[in-house]
Amino acid sequence: LEAKSYGYTHISVQKFCYEWTISNFSFCMDGIRENIASPVFSLEASEEVQWCMRIHPNGVDEESKDYLSVYLSLVSCPESPVWAKVQFWIINAQGEKHQVKKIPNVLRFLPKEQWGYKKFILRDFLLSHRDWLLPENQLTLCCKVSVVGPFFSTPGQNMKPAIRDPMQMLADGLGDLWENSVFTDCSLVVAGQEFRAHKAILAARSPVFRAMFEHEMLENLTNRVEIHDIHLHVFKEMMGFIYTGKAPNLHNHSMATGLLAAADMYDLQDLKVMCEDALCRNLSVENAVSTLILADLHSTEHLKTKAMDFIILHASEVSETLAWKSMVESHPHLVEEAFRSLDSIQCPFLEPSLKRRKI
């Protein structure tokens, strides 16, 4: 029989990716810590649903004692359960994915419940490939989560074609050109690797690239650009922004600092502002001094002001860090600026030893 009516059911799926870097990781492999948890994170559209990643450097039981165990844990949510698919991987020294593991089924998460792999990667393999998987003694883990949201049904008579956001469609289309190297006409070489790109898009987004291709420069004559002083993973994030207007990994402090320098180098002003905002939101006692130096180097006044204000507010703690003591020697003009600000507000919690210190 021919159908006389029809219906439509929409299931919402929201995806996000979280990157977690653990410094001095080799010290965690000696049984010092049973497990390590990441900072709590959430999807922007669902901030009430909070997650964290958790690793067990020496496994979770006798069977997995020779492995690194990796899990995703649901910290809290207003309504449970939460249904999601999960994928894990390591970012290696070249900024590439390694040890990609995807749980094929949709998982049922309850608060404080975790899912993952108790045999994610052999500890001996990880430690024997330090330069590749633990650059600068850091382990960088990524977790991609696809959360299944609410669904709704409508009768066919009331169905309307979905209208996609034109700007999102444009970003997706341009992103596809970059990801799949479609109709490219130039090459970008970073850390010995070659990436195909499009001169028109590069020139439209970056005045620096535009100047390269407009004039009789080597880059224009050979259609090849050698890019230096940018790490590979930062370069990929920058190119993603050039093509799509997005930079999804700015929550990572190392990425945000590297990307700010790259944005300044290629005059990507919108990206530079995004990096400033991310760094302002993630200031800490440990990174405030390095952020201040970065802001001063790249003339980002808003970030410089925020970093200086943070240092003044936490003067007694910041002044004890190695970064501050190093800055006294390497950037005395910034120390002088900090002292002038402190003196102007007569900061009551400034320690006497710091007050008496001479520039």
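In this text, all values refer to a predicted model and were calculated from it rather than measured experimentally. (Residues numbered from 1 in each chain as written. Predicted model: local features only at pLDDT ≥ 70, side-chain atom pairs only at ≥ 80, totals over all residues. Heavy atoms only, no water.)

### Some words on the overall build of the protein
So, point 1. Secondary structure summary: the protein contains 15 helices and 13 strands in total.
So, point 2. For the protein, the residues scored as buried account for 41% of the 359 residues in total.
So, point 3. When contacts within the protein are restricted to residue pairs at least 6 apart in sequence, those whose partners lie at least 24 apart make up 62%.
So, point 4. Counting every atom, the protein has about 20,100 Å² of accessible surface; 53% of that belongs to carbon and sulfur. (Helix = DSSP H or I, 4+ residues; strand = E, 2+ residues; numbered from the N terminus. Buried < 20%, exposed > 50% of the residue type's maximum accessible area, 1.4 Å probe, protein only. Contact = heavy atoms within 4.5 Å. Areas by Shrake-Rupley, 256 points an atom, 1.4 Å probe, with all protein chains shown as cover.)

### Focus: helix 5 (residues 207–214)
So, point 1. Among the residues of helix 5, Phe 209, Met 212 and Phe 213 are the ones counted as buried. Viewed end-on, helix 5 has its buried residues packed into an arc of 85°, placing them on one side of the element.
So, point 2. Close packing links the buried residues of helix 5 with strand 11 (186–190), helix 4 (199–205), helix 6 (218–222), strand 13 (224–227) and helix 7 (232–244). (Arc of directions from axis to C-beta.)

### A closer look at the packing of helix 10 (residues 288–297) against helix 13 (residues 322–330)
So, point 1. Look at helix 10 against helix 13: their axes get within 8 Å of each other, and the N-to-C directions meet at 35°. Mapping the contact onto sequence places Val 289, Leu 292 and Ile 293 in helix 10 and Ala 323, Trp 324 and Met 327 in helix 13.
So, point 2. Split into classes, the residues belonging to the contact of helix 10 with helix 13 amount to 6 nonpolar, no polar and no charged. (Axes fitted to C-alpha atoms, helices over the stretch in contact; angles between N-to-C directions. Nonpolar A, V, L, I, M, F, W, Y, C, P; charged D, E, K, R; others polar.)

### Description of a nonpolar patch on the surface
So, point 1. Together, Ile 11, Val 13, Trp 83, Val 106 and Val 148 make up a nonpolar patch on the protein surface, roughly 400 Å² of accessible area in all.
So, point 2. For Val 148, a relative accessible area of 30% translates into the label partly exposed. (Patch = residues over 30% accessible without salt bridge, like charges linked within 9 Å, V, L, I, M, F, W, Y side chains within 5 Å. Salt bridge = Lys/Arg side-chain N within 4 Å of Asp/Glu carboxyl O.)

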